Amino acid sequence: MTTTLGTTDLKSALVGRDFLTLADYTPDEIGYLLDLAADLKEKRKNGDIVEPLKGKTLGMIFEKSSTRTRVSFEVGVYQLGGTGLFLSSKDIQIGRGEPIADTAKVLSGYLDGIMIRTFSQTDVESLATNASIPVINGLTDTYHPCQVLADMQTIMETKGRLEGIKVAYIGDGNNMAHSLMIGAAKMGMDISIAAPVGYQPEETITNKAKQFAKGTSVVVTEDPFEAVKDADVIYTDVWASMGQESEQKEREKAFEGFQVNQKLVSLAKPDFSFMHCLPAHRGEEVTAEIIDGKHSVVFQEAENRLHAQKALMVALMGK
Ligand code: CP
Ligand code: NVA
């Protein structure tokens, strides 16, 4: 990817940084991370050992469940020569009310980086403000930037470019929709979000994405057919996210007509890719025919969590 800053400048601009939202990163910095992710993936396929994080430890705080994020971070830091520590919030004092600021200061004395998955973006910001080591957002109710880094790597691999790609996101205007909007706008992709009224992305985040877009479109609509028209990528996510399980029934009603199925995808480009951050609910937000069909790249996308996050850890926690 072409960058205006030199690689050395970008490398030093990233050391020690937090990764709380893609909004804090320039297109050049995101491009640098994607290049590094592709390079690390290639090296892994070739069996090369790359251990820039030898002797370093990543603490991983989880207040919500996880398969991909937990395993890819833990395996990723190990492959880079370091160690990952799984810290369930139920088992550390944060779960009993120890202030985030105190936790941040204590962990900064032991660790070289912290990944956190929690509910409130403000808590992640507060952890980052009080920690002297990089803090990585592993998902909040507002954002899921690590997922979108892997998603962009997947789009690069499948479409050969990001610029000019149209992404249609169908479903809840949640953490995924927010991070995709920001990532798309920063990297020259067009994005259309189709969500029912009451479940559309936060207006402040939509406006932020619009400000980042340089001549590309950021559209929010209630019409999934309008959103998928001529799309290169169709993306969806669960209708009830973690923490919203009690709303499952009312959400199923609200999202009727927002399922990604054969009828809907027939309006996209003939070579469209189907993406989903997973876990998926077949028969709800997407039919089995689509997610298990020939356009689906969901497992390549899931694998890329490993490579993209290794790039992130090398860039932020390395020298
Ligand atoms: N996509 C994703 O973040 O998956 P997990 O919830 O399994 O980590
Ligand atoms: N929106 C989903 C994403 C899971 C990776 C959730 O927050 O549960």
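Going by the structure above, here's the rest.
Residues numbered from 1 in each chain as written. Chains lettered and ligands numbered in written order. Predicted model: local features only at pLDDT ≥ 70, side-chain atom pairs only at ≥ 80, totals over all residues. Heavy atoms only, no water.

(A) Local environment of the site of ligand 2. Taken together, L139, H144, N174, N175, D237, S241, M242 and L278 form the complete shell of residues around ligand 2. Within the contact set of ligand 2, a nitrogen atom lies 2.6 Å away from a side-chain nitrogen or oxygen of D237. The separation between an oxygen atom of ligand 2 and a polar main-chain atom of M242 is 2.8 Å. Here ligand 2 has 270 Å² of accessible area as a free molecule, and 95% of this is covered by the chains. Because more than half of its atoms lie within 2 Å of the grid, ligand 2 is assigned to the largest pocket. Within the shell around ligand 2, the residues separate by chemical class into three nonpolar, four polar and one charged. (Near = heavy atom within 4 Å. Polar contact = N/O pair within 3.5 Å; in protein donor to acceptor, adjacent residues only side chain to side chain. Areas by Shrake-Rupley, 256 points an atom, 1.4 Å probe, with all protein chains shown as cover. 1 Å grid on protein atoms, 1.4 Å probe; cavity = no way out; pocket = protein on both sides within 12 Å on 5 of 7 lines; lining within 4 Å. Sits in = over half its atoms within 2 Å of the grid points. Nonpolar A, V, L, I, M, F, W, Y, C, P; charged D, E, K, R; others polar.)

(B) Up close: the site of ligand 1. Near ligand 1 you find S66, T67, R68, T69, R117, H144, Q147, C277, L278 and R305, and these make up its full shell. For ligand 1, an oxygen atom lies 2.8 Å from a polar atom in the side chain of R117. At 2.9 Å, a backbone N or O of L278 approaches a nitrogen atom of ligand 1. For ligand 1, whose free accessible area comes to 260 Å², the fraction covered by protein is 96%.

(C) Region of interest: the layout of surface pockets. Approximately 640 Å³ is the volume attributed to the largest pocket. Lining the largest pocket are 38 residues, with N175, D237, V238, S241 and M242 positioned closest to its centre. Residue assignment for the lining of the largest pocket shows that the elements contributing at least two residues are α3 (68-79), α7 (175-186) and α10 (248-254). In terms of residues, the lining of the largest pocket owes the most to one element, α7, which gives three residues. Tallied by class, residues from the lining of the largest pocket come to 11 nonpolar, 17 polar and 10 charged. (Points joined across faces, edges and corners; volume = space filled by probe spheres on them. Helix = DSSP H or I, 4+ residues; strand = E, 2+ residues; numbered from the N terminus.)

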